[in-house]
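# Notes for the structure review
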Amino acid sequence: LRKACVADGLGRTVIALVVGVVAAILLDYFFFRRPTGINTGFRVLLLLGLAGMVAWFIWRRVLGPLAVPISIDDMALAVEKEFPQLNDSLISTIQLTRMLSDDRAMSHAMIEEVSRNAHQEASALDFSKVVKFQRIKPILMGAAGAVALFLVLAYALHDYASAGLM
């Protein structure tokens, strides 16, 4: 789940960065071709804006989701949502085990039986299906396409693109 969060956040950050850099180069080309004193101020503002945007995307889309704690209950519920044939056995096992640590009057045999059944049912499952990496593929493909398009444009317009990037 954490890998999916990082991949999604970095993909979105790359797309935003490429769009921002291309927009900055185009703005610079069309509006500030003639050398004046305002060009430097404009370029500094563009650079600060791009840096702030990338920092915001990393904070909001990469570090933010990673900072959210994922409890054992949340993970069990996510697995049970993907595999309804478990019939709430994982979350029941977790909750019964937690109750056993607080209350010694509970039946150990019952909890062991529920745990054993949950383990047997869960051991045959493919847990890689819980996190849907297929939902992240369009974002990663978009990021790769944006970088490829940027590289093609930079190669085709290398004289101005190199000056614009500088």
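Coordinates for the structure precede this section.
Note that this is a predicted model, so its numbers are computed, not measured. (Residues numbered from 1 in each chain as written. Predicted model: local features only at pLDDT ≥ 70, side-chain atom pairs only at ≥ 80, totals over all residues. Heavy atoms only, no water.)

### Some points on helix α1 (residues 2-31)
Owing to its 3.6 residues per turn, the α-helix aligns residues three or four sequence positions apart on the same side. We apply this condition: The helix and strand labels rest on DSSP assignments: H or I over at least four residues marks a helix, E over at least two residues marks a strand, and numbering proceeds from the N terminus. How far a helix is expected to stretch is found by multiplying one less than its residue total by 1.5 Å. Note on classification: 1.4 Å probe, protein chains only; a residue is buried when its accessible area is under 20% of the maximum for its type, exposed when over 50%, partly exposed between these limits.
Taking 1.5 Å of rise per residue, 30 residues should cover 44 Å, and α1 covers 43 Å from first to last C-alpha, within 8% of that figure. Where α1 is concerned, the buried positions are A4, D8, G9, G11, T13, A16, V18, G20, V21, A24, I25 and D28.

### Topic: the environment of A154
Examined against the element boundaries, A154 turns out to sit in helix α6 (residues 137-156). Considering only alpha carbons, one finds A154 and V22, 132 residues apart in sequence, at a separation of 9.8 Å.

### Here we look at the packing of helix α4 (residues 89-102) against helix α5 (residues 108-123)
For clarity, the cut-off: Note on method: axes are straight lines fitted to C-alpha atoms, helices fitted across the in-contact stretch only, with angles between N-to-C directions ranging 0 to 180 degrees. Any angle that falls under 35 degrees is termed roughly parallel, while one over 145 is termed roughly antiparallel, one within 65 to 115 roughly perpendicular, and all others oblique. Here a crossing is taken to be left-handed if its near helix is turned anticlockwise relative to the far helix by less than a right angle, and right-handed if that turn runs clockwise. In this analysis, two residues are considered to be in contact whenever any of their non-hydrogen atoms come within 4.5 Å of each other. Basically, the charged four are Asp, Glu, Lys and Arg, the nonpolar ten are Ala, Val, Leu, Ile, Met, Phe, Trp, Tyr, Cys and Pro, and anything else, Gly included, counts as polar.
Interaxial distance between α4 and α5 falls to 9 Å at its minimum, and their mutual angle equals 150 degrees. Of the possible angle classes, the one that applies to α4 and α5 is roughly antiparallel. In this structure, α4 meets α5 at a crossing whose hand is left-handed. On the side of α4, the interface is formed by S89, L90, T93, L96, T97 and L100, while α5 contributes H108, M110, I111, V114, S115, A118, E121 and A122. Counted by class, the contact of α4 with α5 contains eight nonpolar, five polar and one charged residues.

### What to know about the pattern of salt bridges
Oppositely charged side chains are able to pair whenever their charged atoms sit close together. For the record, the criterion: The term salt bridge refers to a pairing of a side-chain nitrogen on Lys or Arg with a carboxyl oxygen on Asp or Glu at a separation within 4 Å.
Under the counting rule described, the total for this entry stands at three salt bridges. Measuring nitrogen to oxygen at the nearest pair gives 3.1 Å for the salt bridge that ties R12 to D8. A residue pair is termed a helical-turn pair when its members lie 3 or 4 positions apart in one helix, as R12 and D8 do in helix α1 at four residues. On the accessibility criterion, R12 (31% relative accessible area) is partly exposed. A relative accessible area of 16% means that D8 is categorised as buried. With its nearest N and O atoms 2.9 Å apart, the salt bridge here joins D73 to R98.

### Some remarks on unusual backbone geometry
Residue N87 is not a glycine yet carries a positive backbone phi of 50 degrees. One non-glycine residue, D88, lies in the positive phi region at around 60 degrees. With respect to the helices and strands, D88 occurs in the loop between α3 (72-82) and α4. Since its relative accessible area comes to 46%, D88 is described here as partly exposed.

### Describing the layout of surface pockets
For clarity, the cut-off: Only protein atoms enter the 1 Å grid used here. Points where a 1.4 Å probe fits but cannot escape make up a cavity, open sets with protein on both sides within 12 Å along at least five of seven lines make up a pocket, and a residue lines them when an atom lies within 4 Å of a point. Grid points are joined across faces, edges and corners, and a volume is the space filled by probe spheres set on the points.
Estimated volume of the largest pocket: approximately 590 Å³. The wall of the largest pocket is formed by 23 residues, among which L1, A78, V130, V131 and K132 lie closest to the centre. When residues of the lining of the largest pocket are traced back to their parent elements, those giving at least two are α1, α2 (38-67), α3 and α4. The element that contributes the greatest number of residues to the lining of the largest pocket is α3, accounting for seven residues.

### Overview of the environment of K129
Note on placement: K129 falls in the loop between α5 and α6. Classification of K129 by relative accessible area gives partly exposed; the value is 48%. Once the C-alpha coordinates of K129 and F31 are considered, the two residues, 98 residues apart in sequence, prove to be 50 Å apart. When neighbours within four sequence positions are excluded, K129 is seen to be in contact with E82 and F83.

### Some words on the nonpolar core
Where we set the bar: Among buried residues, the Ala, Val, Leu, Ile, Met, Phe, Trp, Tyr and Cys ones that are joined through side-chain atoms within 4.5 Å form a nonpolar core.
Formed by A76, V79, F83, L86, L90, I91, A118, A122 and L125, the largest nonpolar core amounts to nine residues. Of all elements in the fold, only α3, α4 and α5 reach the threshold of two or more residues within this core. Sequence-distant contacts of L125, defined by excluding residues within four places in its chain, comprise F83, Q85 and L86. In this structure, V21, I25, L50 and A146 belong to the second largest nonpolar core, which totals seven residues.

Structural measurements only, silent on function.
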